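Residue strings, one per chain:
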Amino acid sequence: MTNFLVAANPRGGEGHRFAAADPAAVDDAAGRLRAAHRRWAARSVEERSTFLARWRNALDERRGEIVAALIEDTGRALLSEAEVDGALRRIDYWCGAATSVLAERSVGMSATVPSVRFEHRLVPFELVGVVAPWNFPLLLMLIDAVPALAAGCAVLCKPSEHTPRFVEPLMDAVAAEPEIAAVFDCVRGGADTGAAVAGVADAVCFTGSVATGRKVGARAGARLIPAFLELGGKDPLVVLADADVETAAAIALRGSVLATGQACQSIERVYVHETLYAPFVEAIVAAASAVTLNTQQVDRGHLGPFIHPGQADLVEAQLAEAVAGGATLHCGGLQRRNGGAWCAPAVLTGVHHDMRLFAEETFGPVVPVMAFASDDEAVRLANDSEFGLSAAVLGAEEHALAVARRLCAGAVSVNDAGLTTQVGDVEKDSFGVSGVGRSRMGTSGLVRFLRRQALLVQTGPAAPLDAFREVARPRP
Ligand code: NAD
C-alpha cells in the first residue's frame, strides 16, 4: 500500500501531499542506475562534463519552475534564486575542475620491489546515495551529487520529506538530458526511504542532524561502506578587543540570522571582549530590531519563516528555557501567523553554557552574547562544545589568526562569518560531532568517490615457491 506524506507549507495554508518511495521502489531505482553505470563510468571525464554542462543548461532553462517550487518549499524568494545559482555554479565548477583532478596518472617502478612496474587507476563507486536536509534542499543535494556524477558514479538522491516540491521540476530538467537521466534519480520519502537509500548504495553522503548521522553512520559501518557525514554545528564568533564594534555587530548579526538561522554554519554563540561588550550589545540590538520578516509578501523583508514547523517549537523552547534561567531577551522572538512561524532576531545576554541554547544546535535567528576577559578565556569558551563545524574571529588580522589557529573547528572565517558557504574550492573537514569523512569542498569533494586500484606488473622472473621453502639456517 502506498504511503503518503504531507509536507507543511512554511507560510501557512495547505500542505503538499506526495507518495513516499518504499524499499522496493528504492531497489528498483538502484537497479536501473547500476545497470547504466558501466557506460557512464567508461566515458571520458570530458564527455561526462559535456553531459553535465548540457544538464546545467536544462536546469537553467527551467529555473523559473524550480525557483517557484523552492519558494513553496522554503517560504523565501531571494535565497531560492540563490540556491539555483549556487547549484549551477557547482556544476560549472566541477565541469572545469574534474578534468584536472582525474588527469592524475601515477605510473612507475616500485622502490621496494624494483622489478615491479605499477600503474594506478581511479575506479568510481558504482552507486552513491545522497540523503539531504530541508534547509537548502536543492543545493545540499547537488553539492554531493554533481561531483559524484563527474567522478563516474551513478547517484540516487533522497531529499527531505519537508521540502519535496522542487523535485518535480528538477527531474524535468534531468529528463531533458537522457545521459544524466540514466545515472541520476531522486526518490521522495521520509526516514524509511532515506534508510533504504543508505542500505543499497556503495557509498553514502548524508547531510543532516547529528542524531540521524549516527544512524546512517552505524548502518554504513555495518555494511562496510564509506559514509560522508555533514552534520550540525554550534558555531562560535569571537570579537577580539581590537575589532571594530559596528562592523563586528553587523557581521555577527548577518552570520546568525541569515536564512532565519537555518544554516549549519550559522553563528550560534557570540563571545565579545569585555571592553567592547556594552557597545557591541547596543549595536547588535539596534541592528537586530531593524530586521524585517517576509510575513506579508514572500519577496519583501530580510527573513523567511521556519521551513519545518518543528524547528519553530524547538527554538521557542530554547528561548523560553534561557529566559526562565535568567537570560535577558533584548529583542525578537517567535511570531506565528496563519499557520506559519517566523522569528525576529533574538539577542540575549545573561546567558551561560549550561543552557540548551549553548549545548544544542538552535537553527534559528538567535544571538546569545557573552563577555570574556582574555584570549585564553575566549578560546576556552569557543571550544567548549562537542560540535566543530566552523567558527569566526574578528579583530586585527594577525591577532585574529592567532586565536583562529587555537579553535577546534574545521573552518574558521577571519573578519567575516560563514565564508565556507561562498568558498567551494577550499577543503575543510568537520571536527567533533559535526561530521566524518573527507571534505566535500575542494578536490577531495570528487576524489572521495574514487578508489585507487593498483596494477602491479612483474617485469622480472616471478619468485618460485622454492624461494619460500624452509631450510635449516644457523640462527643468530
Ligand atoms: P535530519 O537528520 O532530520 O534529516 C536529514 C535527512 O535524513 C532527511 O532527508 C531525512 O528524511 C533523512 N533521514 C531521517 N532518518 C533517516 C535514517 N534513519 N536513515 C537515513 N536517512 C534518514 O536533518 P534535517 O532536520 O533535515 O536538517 C537539519 C540538520 O542538517 C541540522 O542539524 C543542520 O546543522 C544539518 N546540516 C548540516 C550541514 C553541513 O554541511 N554540515 C548542512 C546543512 C544542514
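Just so it is clear, the model here is predicted, and its values are computed rather than measured.

### Topic: the sheet that holds strand 8 (residues 203–207)
Consideration 1: If you walk across this open sheet you meet the 6 strands as 7-6-5-8-9-19, and the pairing is mixed. The open sheet terminates on both sides in strands that have one partner only, identified here as strand 7 (184–186) and strand 19 (435–436).
Consideration 2: Taken together, the 4 bridges between strand 8 and strand 9 (residues 227–230) define a ladder with parallel strand orientation. Its bridge partner lying in strand 9, Thr-207 is registered against Glu-230.

### Points about the packing of aromatic side chains
In this description, an aromatic ring pair is defined by two values, namely the gap between the centres and the angle between the planes.
Consideration 1: Under the definition given, this model contains 6 aromatic pairs.
Consideration 2: Ring geometry for Trp-40 and Phe-51: centres 6.4 Å apart, planes at 45°, overall tilted. On the criterion of sequence distance, the pair formed by Trp-40 in helix 1 (residues 23–42) and Phe-51 in helix 2 (residues 45–61) is long-range, its members being 11 residues apart.
Consideration 3: Measuring from ring centre to ring centre gives 5.9 Å for Phe-228 and Phe-449, while their planes differ by 85°; the resulting arrangement is edge-to-face. Of the two residues, Phe-228 is situated in strand 9 and Phe-449 in the loop between helix 16 (444–447) and strand 20 (450–458); the sequence distance between them amounts to 221 residues.
Consideration 4: Given the relative accessible area of 0%, Phe-449 is considered buried.
Consideration 5: Taking NZ or CZ as reference, Arg-17 lies 4.0 Å from the ring centre of Phe-4, over its face.
Consideration 6: Positioned above the aromatic ring of Phe-136, the side-chain terminus of Arg-76 is 4.5 Å from the ring centre.

### Topic: the side chain of His-273
Consideration 1: Along the chain, the position of His-273 falls in strand 11 (residues 267–273).
Consideration 2: For His-273, a relative accessible area of 12% puts it in the buried group.
Consideration 3: From its side chain, His-273 meets the backbone oxygen of Ala-373 in a polar contact 3.3 Å long.
Consideration 4: Setting aside residues no more than four positions away along its own chain, His-273 makes contact with Val-239, Leu-240, Ala-241, Phe-372 and Ala-373.

### Brief notes about the nonpolar core
Consideration 1: In terms of nonpolar packing, the biggest core is built from 79 residues, with Trp-55, Leu-156 and Phe-184 touching the most fellow members.
Consideration 2: It is helix 4 (residues 78–102) that provides the largest number of residues to this core, a total of 10 residues.
Consideration 3: Setting aside chain neighbours within four positions, we find Trp-55 in contact with Ile-91, Leu-142, Val-146, Leu-149, Leu-170, Ala-173, Val-174, Glu-177, Ile-180 and Phe-184.
Consideration 4: Counting 32 residues, the second-largest nonpolar core is a separate cluster that includes Ala-248, Phe-280, Cys-331 and Trp-342.

### Things to note about the state of the cysteines
Consideration 1: All chains considered together, the criterion is met by 0 disulfides.
Consideration 2: Free of any disulfide, Cys-264 has its nearest neighbouring cysteine sulfur in Cys-205, separated by 15 Å.
Consideration 3: Assessed through its relative accessible area of 29%, Cys-264 is described here as partly exposed.
Consideration 4: Residue Cys-343 stays outside any disulfide, its sulfur separated by 9.7 Å from that of Cys-331, the closest cysteine.

### What to know about helix 8 (residues 191–200)
Consideration 1: Within helix 8, 7 of the 10 residues are buried, leaving the element largely enclosed by the surrounding structure.
Consideration 2: For helix 8, the full list of buried residues reads Thr-193, Gly-194, Ala-196, Val-197, Ala-198, Gly-199 and Val-200.
Consideration 3: Buried residues belonging to helix 8 abut strand 2 (16–20), helix 1, strand 5 (127–131), strand 6 (154–158), strand 8 and helix 9 (210–223).

### Topic: empty space enclosed by the protein
Consideration 1: Scanning the entire structure with this criterion turns up 2 cavities of 30 Å³ or more.
Consideration 2: Each pocket or cavity is described by its volume, and for the largest cavity that value is around 80 Å³.
Consideration 3: Along the wall of the largest cavity there are 15 residues; nearest its centre are Pro-236, Arg-269, Phe-387, Gly-388 and Cys-408.
Consideration 4: Broken down by secondary-structure element, the contributors of at least two residues to the lining of the largest cavity are strand 10 (235–239), helix 14 (375–383), strand 15 (387–388) and strand 16 (390–394).

### Notes on the pattern of salt bridges
Consideration 1: Per the counting criterion, the structure on display carries 28 salt bridges.
Consideration 2: The shortest N-O distance in the salt bridge between Arg-165 and Asp-73 comes to 2.8 Å. You can see Arg-165 sitting in the loop between strand 6 and helix 6 (167–175) and its partner Asp-73 sitting in helix 3 (residues 63–74), a full 92 residues away along the chain. Both residues of the pair, Arg-165 and Asp-73, count as buried.
Consideration 3: Of the charged contacts, one joins Asp-144 and Arg-440 as a salt bridge, the two residues approaching to 2.9 Å between their closest N and O atoms.

### Quick look at the sheet that holds strand 12 (residues 328–337)
Consideration 1: The strand order 12-13-14-11-10-16-17 describes an open sheet built from 7 strands, whose pairing is mixed. Each having just a single partner strand, strand 12 and strand 17 (411–414) make up the two edges of the open sheet. Recorded for the sheet is a direction-independent mean angle of 15° between the axes of neighbouring strands.
Consideration 2: Packing against the sheet, helix 12 (residues 309–324) makes contact with strand 12, strand 13 (340–349) and strand 14 (366–372), and its axis sits at approximately 150° to strand 12.

### Quick word on the site of the ligand
Consideration 1: Neighbouring the ligand are 29 residues; Ala-132, Glu-161, Ser-209, Leu-231 and Glu-361 lie closest to it.
Consideration 2: For the ligand, an oxygen atom lies 2.8 Å from a polar atom in the side chain of Trp-134.
Consideration 3: At a separation of 2.7 Å, an oxygen atom of the ligand approaches a polar side-chain atom of Lys-158.
Consideration 4: Protein contacts shield 89% of the accessible area of the ligand, which totals 850 Å² for the unbound molecule.

### Section: the packing of helix 2 against helix 3
Between two packed helices, the angle of one axis relative to the other and the distance separating the axes together describe the packing.
Consideration 1: Packing of helix 2 against helix 3 brings their axes to within 5 Å, and their N-to-C directions diverge by 65°. Accordingly, the angle class assigned to the pair helix 2 and helix 3 is roughly perpendicular. Packed against helix 2, whose contacting residues are Leu-59, Asp-60 and Glu-61, the element helix 3 presents Arg-63, Glu-65 and Ile-66 at the interface.
Consideration 2: For the contact of helix 2 with helix 3, a count of residues per class yields 2 nonpolar, no polar and 4 charged.

About the criteria used
Residues numbered from 1 in each chain as written. Predicted model: local features only at pLDDT ≥ 70, side-chain atom pairs only at ≥ 80, totals over all residues. Heavy atoms only, no water. Pairing = 2+ DSSP bridges. Helix = DSSP H or I, 4+ residues; strand = E, 2+ residues; numbered from the N terminus. Phe/Tyr/Trp six-rings, centres within 6.5 Å; stacked < 30°, edge-to-face > 60°. Buried < 20%, exposed > 50% of the residue type's maximum accessible area, 1.4 Å probe, protein only. Lys NZ or Arg CZ within 6 Å of the ring centre and 35° of its normal. Polar contact = N/O pair within 3.5 Å; in protein donor to acceptor, adjacent residues only side chain to side chain. Contact = heavy atoms within 4.5 Å. Core = buried A, V, L, I, M, F, W, Y, C linked by side-chain atoms within 4.5 Å. Disulfide = S-S within 2.5 Å. 1 Å grid on protein atoms, 1.4 Å probe; cavity = no way out; pocket = protein on both sides within 12 Å on 5 of 7 lines; lining within 4 Å. Points joined across faces, edges and corners; volume = space filled by probe spheres on them. Salt bridge = Lys/Arg side-chain N within 4 Å of Asp/Glu carboxyl O. Axes fitted to C-alpha atoms, helices over the stretch in contact; angles between N-to-C directions. Near = heavy atom within 4 Å. Areas by Shrake-Rupley, 256 points an atom, 1.4 Å probe, with all protein chains shown as cover. Parallel < 35°, antiparallel > 145°, perpendicular 65-115°, else oblique. Nonpolar A, V, L, I, M, F, W, Y, C, P; charged D, E, K, R; others polar.

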